[in-house]
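Read off the chains here:
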Amino acid sequence: MAKVRGLIFCALFIAIFAVLSLVQIPVGSVPITLETLVVQVCAGLLGPWYGALTFVLLIVLDLIGLPLIGGHAGPSLMLGPTAGYIWGWPFCALFAGLAIARVRPGSRGEIVKLIAILFVLGDLVCYIPGVLWLRHVVPSLRPWGSALAGGMWPFLPGDFVKSVIAAIIIARVRRVYPTERILHGQRALMDSGIAES
């Protein structure tokens, strides 16, 4: 049952992602989007494994033809200028989810910790494959300065704002619906409480 619930929530986040990815502001080779916001919230609420699985499934479904990433699909998208960022999403969800699991809901400094985790692991990690691949496929961005200027520096302020928004959403939701309750249901949460008492 837990696996079914987990897959249902994976599908839900894929649907949310598909809708929000349509919101794009063109900026050179890499547009400004809300995609990493969904990656971060998914990691915080579904945990590392289902968070990462969500974006592995998203990539697979998009590869076979479902236009889930900005209304586009197919191998050409996965080899285009933004492909490195796309391949980075499962790793962002995995790393951020692992770190967020160590932050107790309602603990002191929770929001600050979540923002730091989300910005570094849920966002900046994505720039490693993103900028490397962008530099590889766009000849005009071969110099490192140009690659960073075209694929990273302009986006950092907006990314930080998205990390703040994601941290607030995660902190509020998981106080009522922690990951265990989302994935295993109320009964599993009650059984856990009985076992602890």
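Just above, that's the structure.
I will try to describe carefully the structure that is included in this document. (Residues numbered from 1 in each chain as written. Predicted model: local features only at pLDDT ≥ 70, side-chain atom pairs only at ≥ 80, totals over all residues. Heavy atoms only, no water.)

**Side note on the nonpolar core**
Condition: Grouping buried Ala, Val, Leu, Ile, Met, Phe, Trp, Tyr and Cys residues that are joined through side-chain atoms within 4.5 Å yields what is termed a nonpolar core. The cut-offs for exposure are 20% and 50% of the maximum accessible area for each residue type, with area from a 1.4 Å probe on protein chains only; residues under the lower value are buried, those over the upper are exposed, and the others partly exposed. Numbering of helices and strands runs from the N terminus; a helix is a DSSP stretch of H or I covering at least four residues, while a strand is a stretch of E covering at least two. Contacts were defined at the residue level, with two residues in contact if any of their heavy atoms lie within 4.5 Å.
If you look at the biggest cluster of nonpolar residues, it comprises 51 residues, and the most contacted ones within it are Phe55, Leu58, Ile69 and Trp89. Listed by contribution, the elements that provide at least two residues to this core are α1 (2-20), α2 (35-63), α3 (75-78), α4 (83-100), α5 (110-137), α7 (156-176) and α8 (179-196). Counting residues per element, this core draws most heavily on α2, which supplies 11 residues. Apart from residues no more than four positions distant in its own chain, Ile69 is found in contact with Phe17, Ser21, Glu35, Leu58, Asp62, Leu77, Met78, Ile86 and Trp89.

**With respect to the pattern of salt bridges**
Rule in force here: Should a side-chain nitrogen of Lys or Arg be within 4 Å of a carboxyl oxygen of Asp or Glu, the pair is scored as a salt bridge.
The full count for this structure, using the stated rule, is three salt bridges. A salt bridge links Glu110 to Arg174; the nearest nitrogen and oxygen atoms lie 3.2 Å apart. Separated by 64 residues along the polypeptide, Glu110 in helix α5 and Arg174 in helix α7 bring together distant segments of the chain. The same class applies to Glu110 as to Arg174, namely buried. Its salt-bridge partner being Arg175, residue Glu110 comes within 3.0 Å of it at the nearest N-O pair. Of the two residues, Glu110 is situated in helix α5 and Arg175 in helix α7; the sequence distance between them amounts to 65 residues. Judged by relative accessible area, Glu110 falls into the buried class, the value being 2%. Under the relative-accessibility criterion, Arg175 is labelled exposed at 53%. Linked through salt bridges whose partners overlap, the residues forming this network are Glu110, Arg174 and Arg175.

**Brief notes about the environment of Ala149**
Within the fold, Ala149 resides in helix α6 (residues 144-151). According to the relative accessible area criterion, Ala149 is partly exposed, its value standing at 40%. In this structure, the C-alpha to C-alpha distance between Ala149 and Val131, residues 18 residues apart in sequence, is 9.7 Å.

**A look at the packing of α2 against α4**
When two helices pack together, their arrangement is given by the angle between their axes and by how far apart the axes lie. Rules: Under this scheme, a helix contributes an axis fitted over its contacting stretch, all axes are lines through C-alpha atoms, and angles between N-to-C directions fall in the 0 to 180 degree range. Roughly parallel here means an angle under 35 degrees, roughly antiparallel means over 145, roughly perpendicular means 65 to 115, and every remaining angle is called oblique. By convention, the crossing between two helices is left-handed when the near helix turns anticlockwise from the far helix through less than a right angle, and right-handed when the turn is clockwise.
Interhelical geometry of α2 versus α4 gives an angle of 155 degrees and a closest axis separation of 7 Å. Relative to α4, α2 is oriented roughly antiparallel. Crossing handedness for the pair α2 and α4: left-handed.

**Here we look at the packing of α2 against α7**
Where α2 meets α7, the axes come as close as 9 Å, and the angle between the chain directions of the two elements is 30 degrees. On the basis of their axis angle, the class for α2 and α7 is roughly parallel. Like other packed secondary-structure pairs, α2 and α7 cross with a definite hand, here right-handed. From α2, Thr36, Leu37, Gln40, Val41, Gly44 and Leu45 reach across to α7, where they touch Asp159, Lys162, Ser163, Ile165, Ala166, Ile169, Ile170, Val173 and Arg174.

**Description of a nonpolar patch on the surface**
Rules: For patch building, the residue pool is restricted to those with more than 30% relative accessible area and no salt bridge; the joining distance is 9 Å between like charges and 5 Å between nonpolar side chains (Val, Leu, Ile, Met, Phe, Trp, Tyr). Here the open area of atoms and residues is found with the Shrake-Rupley method and a 1.4 Å probe, where only the protein chains shown may cover a residue.
On the surface, Val56, Val60, Leu63, Ile64 and Trp87 cluster together into a nonpolar patch covering about 450 Å² of accessible area. Per-element tally for the nonpolar patch: the top contributor is α2, with three residues. Tracing the chain through its elements places Ile64 in the loop between α2 and α3. Exposure remark for Ile64: the relative accessible area of 65% places this residue in the exposed category.

**Describing the state of the cysteines**
To keep things clear, this is the line we draw: Cysteine sulfur atoms are paired as a disulfide whenever they fall within 2.5 Å.
The full count for this structure, using the stated rule, is zero disulfides. There is no disulfide at Cys10, and the cysteine sulfur nearest it, in Cys42, is 6.5 Å away.

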